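An overview of the molecular structure
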Amino acid sequence: MRKLVSLIFLQLILGQVVFAQNGSVTGKVTDQDNVALPGVNILLSGTSQGTATDGEGNFTINAPGTGSLVFSFIGYESQTVQVSNRSVINVQLRQESRSLSELVVVGYGTQRKTDVTGALSVISTKEFSQQPVTRLDQVLQGRATGVQVTQSNGSPGGDSRIRIRGANSVLGNNDPLYVIDGYIGADYNLLNPSDIASIQILKDAASTSIYGSRGANGVVIITTKKGTKGIKVTYEGQGSVSEVIKKFDLLPAGEFAEIVNARATATGSTPPFTAAQIADYKANGGTDWQDLVYRTGRGQQQQITINGGNEKTTFLVSGNYVKQKGIVENSDFKRYVFRTNLNTQVDKKLTLRFNMSGAFSRNHNTDGGGALIEALQWAPTTPAYGADGQPTFADPIGSVSRSPLDNLYDKSNDISKFNVNAIGGLNYQLPIKGLSLDLQYAVNYLDYKSRYVNGPRVTNKTPNAGLYASDQVTLQNTNSLNYNITLGNHSINAVAVLETQQYTNRNMSATAAGLRFPQLGYDNIGGNSAATVGSGFQKWTLMSLLGRVNYAFKDKYLLTAAIRRDGSSKFSPANRYSVFPSVAVGWRLSEEDFIKDLNVFSNLKLRGSWGLTGSQAINPYATLSTYGTTAVAFNNNSITAGVIQGNAGNMDLKWETTRQTDIGIEMEFLNGRLRLEADYFSKNTKDLLLNVSIPNYAGGGTQTRNIGEIENKGFEFSIGGTPVQGNKFAWETNLNFSTLKNKVLDLGGLPRIGTGTGAGGGMSITNEFMLMPGQPLGSYWGLNYLGTFKPGDADAAALQGRVPGDPRYEDVNGDNAITTDDFKVIGHAFPKVTGGWNNTFTYGGLTLNVFVNGVFGVDKLNYTRAGAMSGSGEARQFLLTEIRDYYREGNEDSDIPAFTKTYQPFTQSSRFLENGSFVRLKNVSLSYNIPSSFLRDKGTIRVFASATNLFTITKYTGPDPESSNVGSSTDTAIGIDRGSYPNAKVYTLGLNLGF
């Protein structure tokens, strides 16, 4: 008992001593030149308690006398200081060279940025943390050289086109390979950007060949956040409103009626509008269909993250919810994302990790549909609703198609995705020094559903519905041996990997027409007589062996060599395997004495690389001939079912192969405060997989063959740094731009191959695009518009059966008839230059971020405008204000055709091909970090406001130069705007809390 009383008494005394020593600590933080540093983060080690320095570099924090404080600031080396019962602590931080200490992920390992010999771009989370991004494509756009991101569908959750150094394949998908936490082939749409810890983009063959058959299009490596010691909870909530960037200028109802009457008079028909009606329209107006289609969109995002742990085990749990209502009526998007990352150090040799994420998303009517088209074709003189309160069923004067309101509310298109991804792995340090074994297993499950229903009004009383569902399972196993050793001046990093992957897709579909109960939509397809069902199965496997060696001598002469052998079940046994080697060298001149003596560079490196990558740009079973069913009547009697051969198989198919060469230079000045980087690259893809038509006498259809060749080449430049780092004010900037020249070199002897999109809706009379040697992918195919026949061209017009004022097109073959034989390449949908400029300004607790991106040297075929200005086909009248300048007596200089009986427009022409280049103020964000004393140093508060797509400089007449009807699945037919869903101006307010 006496011992117990003594122990309690001693504990009380020690507790009083510790309590007495847990007091207030003040101090000042400066740089190596004794300049005060505002905004330095100060954390009590082992806790979530922290603060930040004020505008004069001063701070106050409560800390125990036996504790330690961690000081960290962007661009400076972190420093840990023991309190040691002191009440005043002054700290001096040293600037760090970003590249000298930065570790980057290079695929199956990490390297210091200065030791990397390949072309690699790093996107820091600082570059987008101040912006309200919800998807990875918004993070990538304009922030890395050689990476082109086009938000072609501006709807919530819409599609984006992401290309790294151009497009290599015609049949294959040219999207980059996404690797998230080691899982290859991840879907970036289901990733929460707030979970991202780092992004590396591998561009040249020396970097991407380690991924072999899937690295030809570049690789985006993403590592998600891990837990930290202690417990920290962060919450971020934001709300937004959005509006259309721009609308078309349409004729008011009264003027529209006058134009219609003028056209009727000129063509010898009866004017449909009376003077009284026109006067009424001018007095009272008409229907503004664009106002009925567009609305003010609204959105919200909620994010919560909990991370913590101890010396051995750390965890992170995060949840994210996004809800957006689009700027087009009856369109919306929802997404739920959950993630948990767990890491544990079992002992000094063994570590375990487990990452699991789940995501569910749903898109509702995010394609824009026909509503955006009909809003520019239905007459403003037609009322939106009839006497019965229902939308007007038919337009007597404008479009022959259904009302924009029926296209909005009498049809539904829903796409949902449910994804679960689990990754487990271990790393074990083997008895041999520097040698470790890493094992990782991953499983990915995707439940995809696409459902549609078209009601009785939009289908003219023949409602239909359908659904498609697929279950996709991917299994991956990666086994790697890593060896790291330094022997004097020699440094070696080597990795050997055995990897397998298996993909399985089971799907089914069902459609029905003439629904008996259309209100049940796709939920009762089986209850209809005209129903069809289908199902399918796909499976492919991939086995890979790879090795890579990084060698450095004296940390200035660098060599990287890698080789990968892939085997794909998509090919026949004779062509199943292919080998993809690469080699790269680097010379860090900044480590040479004659460069050091200049006292100019903190880093100067020359590098060059060569390598091969591949693409299995075919579907499973493409080597086999297909068969289909048919029904034939013999002797005009009963119908007999049969089987016929479809497209012919080709057992000789082999991998597409891309050879790439890269030369680059990296420079840093002022100890990393100024950075420059430049690259030249050349990519050549051979054995291009193309579908070739087979003559009918040989069976007809098409056959896939290795016959083509494509070239991509260009330059990449980036400059960045911290030009200003003052007492209170700092400015960090990064400017980049890239050039690209894409060209088809060979089509196996064929002069050209036509491709199309189906986006024309009757406006295209042949393929909208053409593959031709000497021309890039995405080459528009159409007539060259020469304006209108002028009074002096009467004889030339008469040869074509036209009169002055009619549209004039180039007669390429000189036969005095405008036909498809006169079509030629009239423009290009691939941009020649892309760039971005990101700036972050800080002043005390205020941070201003300004981000600008641009695209140059690109053409767009504006079929939306063409429909409103053709006056033929589906759209019977002219609705845009530009018709005011039409050709007529006294206005014969106009190139807008006159109203004549011989008028014949061709919308697939250069008349509606526009310059799609633009410069856009993509984002402006202002945030303020409220002093931590507001929460008694127990938490942090940040409030922010942001504007996205605030300002656009462009000659394009449509609402948005980025938007397109064609998704990311093809590069042979892109850039057509036919009622595509435009991007929006978005205004956001948000709050971030940390405890």
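Here we summarise the structure given alongside this text. (Residues numbered from 1 in each chain as written. Predicted model: local features only at pLDDT ≥ 70, side-chain atom pairs only at ≥ 80, totals over all residues. Heavy atoms only, no water.)

1. Let's talk about the overall build of the protein
- In terms of regular secondary structure, the protein is built from 12 helices and 50 strands.
- Projected onto the principal axes, the alpha-carbon positions of the protein cover approximately 115 × 70 × 65 Å.
- Across the protein, contacts joining residues at least 24 apart in sequence account for 69% of those joining residues at least 6 apart.
- As presented, the protein carries roughly 42,600 Å² of accessible surface, and 56% of it is formed by carbon and sulfur atoms. (Helix = DSSP H or I, 4+ residues; strand = E, 2+ residues; numbered from the N terminus. Contact = heavy atoms within 4.5 Å. Areas by Shrake-Rupley, 256 points an atom, 1.4 Å probe, with all protein chains shown as cover.)

2. Some details on the sheet that holds strand S7 (residues 91-93)
- The strand order S4-S1-S7 describes an open sheet built from 3 strands, whose pairing is mixed. The sheet is open, and its two edges are formed by strand S4 (58-63) and S7, each paired on a single side. Sheet twist, expressed as the mean angle between neighbouring strand axes with direction ignored, is 35°. (Pairing = 2+ DSSP bridges. Axes fitted to C-alpha atoms, helices over the stretch in contact; angles between N-to-C directions.)

3. Considering the nonpolar core
- One finds Leu777, Tyr780 and Ile883 to be the most contacted residues of the largest nonpolar core, which totals 49 residues.
- Elements with a minimum of two residues in this core: helix H5 (253-266), helix H6 (275-284), strand S33 (674-693), strand S36 (741-747), strand S38 (769-771) and helix H12 (863-870).
- The element best represented in this core is H5, accounting for 5 residues.
- Non-local contacts of Ile883, meaning those with residues more than four positions away in its chain, are made with Leu251, Ile259, Met869, Phe878, Ile896 and Phe899.
- Counting residues in hydrophobic clusters, the runner-up holds 24 residues, among them Leu140, Val149, Ile162 and Ile423. (Core = buried A, V, L, I, M, F, W, Y, C linked by side-chain atoms within 4.5 Å. Buried < 20%, exposed > 50% of the residue type's maximum accessible area, 1.4 Å probe, protein only.)

4. A closer look at the packing of H5 against H6
- Two elements in contact, H5 and H6, have axes separated by 7 Å at closest approach and are oriented at 150°. The angle between the axes of H5 and H6 places the two elements in the roughly antiparallel class. Only Ile278, Tyr281 and Lys282 of H6 make contact with H5, whose side of the interface consists of Ala253, Gly254, Ala257, Glu258 and Asn261.
- Across the contact of H5 with H6, the residue classes break down as 4 nonpolar, 2 polar and 2 charged. (Parallel < 35°, antiparallel > 145°, perpendicular 65-115°, else oblique. Nonpolar A, V, L, I, M, F, W, Y, C, P; charged D, E, K, R; others polar.)

5. Here's the deal with the environment of Gln49
- As for its position among the elements, Gln49 is in the loop between strand S2 (41-44) and strand S3 (50-52).
- In this structure Gln49 comes out as partly exposed when scored by relative accessible area, which is 23%.
- Sequence separation between Gln49 and Ile61 is 12 residues, and the spatial gap between their C-alpha atoms is 8.7 Å.

6. Notes on a nonpolar patch on the surface
- A surface patch of nonpolar side chains, amounting to about 640 Å² of accessible area, comprises Phe729, Tyr843, Leu846, Leu848, Leu926, Tyr928, Val943 and Leu991.
- Those elements giving two or more residues to the nonpolar patch turn out to be strand S44 (846-856) and strand S47 (918-930).
- Mapped onto the secondary structure, Tyr843 falls in strand S43 (residues 833-843). (Patch = residues over 30% accessible without salt bridge, like charges linked within 9 Å, V, L, I, M, F, W, Y side chains within 5 Å. Salt bridge = Lys/Arg side-chain N within 4 Å of Asp/Glu carboxyl O.)

7. Examining the sheet that holds S3
- Pairing within the open sheet is antiparallel, and its 4 strands lie in the order S3-S2-S5-S6. The open sheet has two edge strands with one neighbour each: S3 and strand S6 (79-82). Here the strands of the sheet are splayed against their neighbours by 20° on average, with no regard to which way each runs.
- When S2 meets strand S5 (residues 68-72), the two strands line up antiparallel, connected through 4 bridges. If you follow Ile42 over to S5, its bridge partner there is Phe71.

8. Describing the pairing of S44
- Bridge count between S43 and S44: 11 bridges; the pairing is antiparallel. Paired with Asn839 across the strands is Val850, a residue of S44.
- In this structure, the hairpin formed by S43 and S44 is closed by a connection of 2 residues, where Gly844 is found at a positive phi of approximately 60°.
- When S44 meets S47, the two strands line up antiparallel, connected through 10 bridges. Bridged to Val852 within S47 is Leu921.

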